[in-house]
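Chains, contacts and geometry: an overview
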Amino acid sequence: MKLAGLKSIENAHDESVWAATWVPPTETRSALLLTGSLDETVKLWKPDELVLQRTNTGHCLGVVSVAAHPSGHFAASASLDSFVRVFDVDTNNTIATLEAPPSEVWQMRFDPKGTILAVAGGGSASVKLWDTATWNLVATLSIPRPEAPKPSDKNSSKKFVLSVAWSPDGKRLACGSMDGTISVFDVGRAKFLHHLEGHFMPVRTLAYSPTEPRLLFSASDDAHVHMYDAEGKTLIGALSGHASWVLSVDVSPDGAAIATGSSDRTVRLWDIGMRAAVQTMSNHADQVWGVTFGPAGGPGRLASVSDDKSISLYDFS
C-alpha cells in the first residue's frame, strides 16, 4: 500500500481548512470532496483535478465539521456559530437549519443508513441525534458523570464531546472527549455501555473499521492512535510516530490501512496488520486537521486539509 501525491491546491480557502469529507457519487455525478474552513465557507471540489465546483456560504463563524449523507444527495456543515446547515449538494438549497446553544456543535456523522445525524455536543457532555426525515431531535445520548472524580480533574463533572463515529452496522456510536475518554453507546436503546480508557488528552477524531465492526481507531493530542475492541473494552494497540497531536484519522475502504493527520504537519499511512507507519507525506506547511479516504468502489483516493489553507489529494493503492 502506498500514497502518491496527485495534486495540491494552495489557498483553497481564505483561512485554515478544518474539515473534509467525500460526498458519495449519485446516478448523475461522481463523488465530490467537501471542505469546511475558518473562512466560514464550505466548498465542493471535483476530485480528479481538485476543480472548485461551488462555494457555499451561510455561516457567520468558522466551519468545524462537514458530513455527507450516504445517498450523496445532501450534506451538512457545523460551525462555531452553533448552527448546523443541511443542504442539497447539487443545488445548495437549504434543507434544514439545526440550532444549538453556544459551543455545543462539533463533529458530525450520518449513520450508515442515513436515517440519523449525530452531532458531538461539546459542553453539553452529550451527543445529539437528529432524524434526517423530519430534522427533529430524536435523542440525546448523555455521558454519565464519573463516580469518583480524579483529583486532577478540574472539571470532572462534565465531559466536553469533540468527536463521534458510527459502527458499520449503525448499532453503536462512539464519542471522544476533551479529557481523553471515549464513550460507547447502544443507539437503539439510547443506552450508555462503557468507556474506553487509555488517552489522557483530547480525542479529536474517531473512526470504525468498515470491515471489522468492533475495531475502533482514535486520534488524540497525546500523539498516539489507539486501536480498540470497542465491544470488549480492550486496547488492542497503540500506534506512535507522530511528533505532536494527532488531529484526524480515517480507515481505508478495504480496512487494511489508516491515514492520520497531525499538528506535526505530516500525513501518515499505517498498515493495520503490521501496526506500523509505512509512509509519511509532508505536503503541508502547518497542522493537518483532516484526512479522508475516497468512497469504496471509486479510484483509491485520500485527501488532506490543513491550517496552511491548502488541500492535498493522493492516489492510494
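These numbers come from a predicted model, not from an experiment.

1. Examining the overall build of the protein chain
The helix and strand tally for the protein chain stands at zero helices and 28 strands. Taken against the 2.2 N^0.38 rule, which gives 20 Å for 317 residues, the C-alpha radius of gyration of the protein chain at 18 Å falls within 12% of a compact globule. Expressed as a percentage of the 317 residues in the protein chain, the buried residues total 58%. When contacts within the protein chain are restricted to residue pairs at least 6 apart in sequence, long-range pairs at least 24 apart make up 45% of them.

2. Here we look at a nonpolar patch on the surface
Taken together, the side chains of Met-1, Met-274 and Val-278 define a hydrophobic patch exposed on the protein surface, amounting to about 270 Å² of accessible area. Given the relative accessible area of 35%, Val-278 is considered partly exposed.

3. Some points on the layout of surface pockets
Looking at the largest pocket, its volume works out to about 1,400 Å³. Around the largest pocket sit 47 residues that line it, and Thr-21, Arg-109, Leu-206, Asp-250 and Thr-292 are the ones nearest its centre. Contributions of two or more residues to the lining of the largest pocket are made by strand E2 (17-23), strand E6 (63-68), strand E10 (108-110), strand E14 (161-166), strand E18 (203-208), strand E22 (246-251) and strand E26 (288-293). Its residues placed into classes, the lining of the largest pocket shows 32 nonpolar, eleven polar and four charged.

4. Topic: the sheet that holds strand E17 (residues 191-196)
What the four strands build is an open sheet, ordered E14-E15-E16-E17; its pairing is antiparallel. Of all the strands in the sheet, the pair left with one neighbour each is E14 and E17. Sheet twist, expressed as the mean angle between neighbouring strand axes with direction ignored, is 25°. Pairing geometry for strand E15 (residues 172-177) and strand E16 (residues 182-186), over five bridges, is antiparallel. Paired with Arg-172 across the bridge in E16 is Asp-186.

5. Observations concerning the UniProt feature "repeat: WD" (unreviewed entry) in the protein chain
As recorded in UniProt, the feature "repeat: WD" (unreviewed entry) lies at residues 10-46, 56-97, 154-195, 196-238, 239-280 and 281-317. Within the segment residues 196-238, helix and strand shares are 0% and 56% respectively, and the terminal C-alpha atoms sit 13 Å apart. In this annotation, residues 281-317 is assigned 0% helix and 51% strand; the end-to-end C-alpha distance for the span is 15 Å.

Conventions adopted
Residues numbered from 1 in each chain as written. Predicted model: local features only at pLDDT ≥ 70, side-chain atom pairs only at ≥ 80, totals over all residues. Heavy atoms only, no water. Helix = DSSP H or I, 4+ residues; strand = E, 2+ residues; numbered from the N terminus. Rg over C-alpha atoms; globule rule 2.2 N^0.38 Å. Buried < 20%, exposed > 50% of the residue type's maximum accessible area, 1.4 Å probe, protein only. Contact = heavy atoms within 4.5 Å. Patch = residues over 30% accessible without salt bridge, like charges linked within 9 Å, V, L, I, M, F, W, Y side chains within 5 Å. Areas by Shrake-Rupley, 256 points an atom, 1.4 Å probe, with all protein chains shown as cover. Salt bridge = Lys/Arg side-chain N within 4 Å of Asp/Glu carboxyl O. 1 Å grid on protein atoms, 1.4 Å probe; cavity = no way out; pocket = protein on both sides within 12 Å on 5 of 7 lines; lining within 4 Å. Points joined across faces, edges and corners; volume = space filled by probe spheres on them. Nonpolar A, V, L, I, M, F, W, Y, C, P; charged D, E, K, R; others polar. Pairing = 2+ DSSP bridges. Axes fitted to C-alpha atoms, helices over the stretch in contact; angles between N-to-C directions. UniProt positions renumbered as here; feature names shortened; annotations may be inferred.

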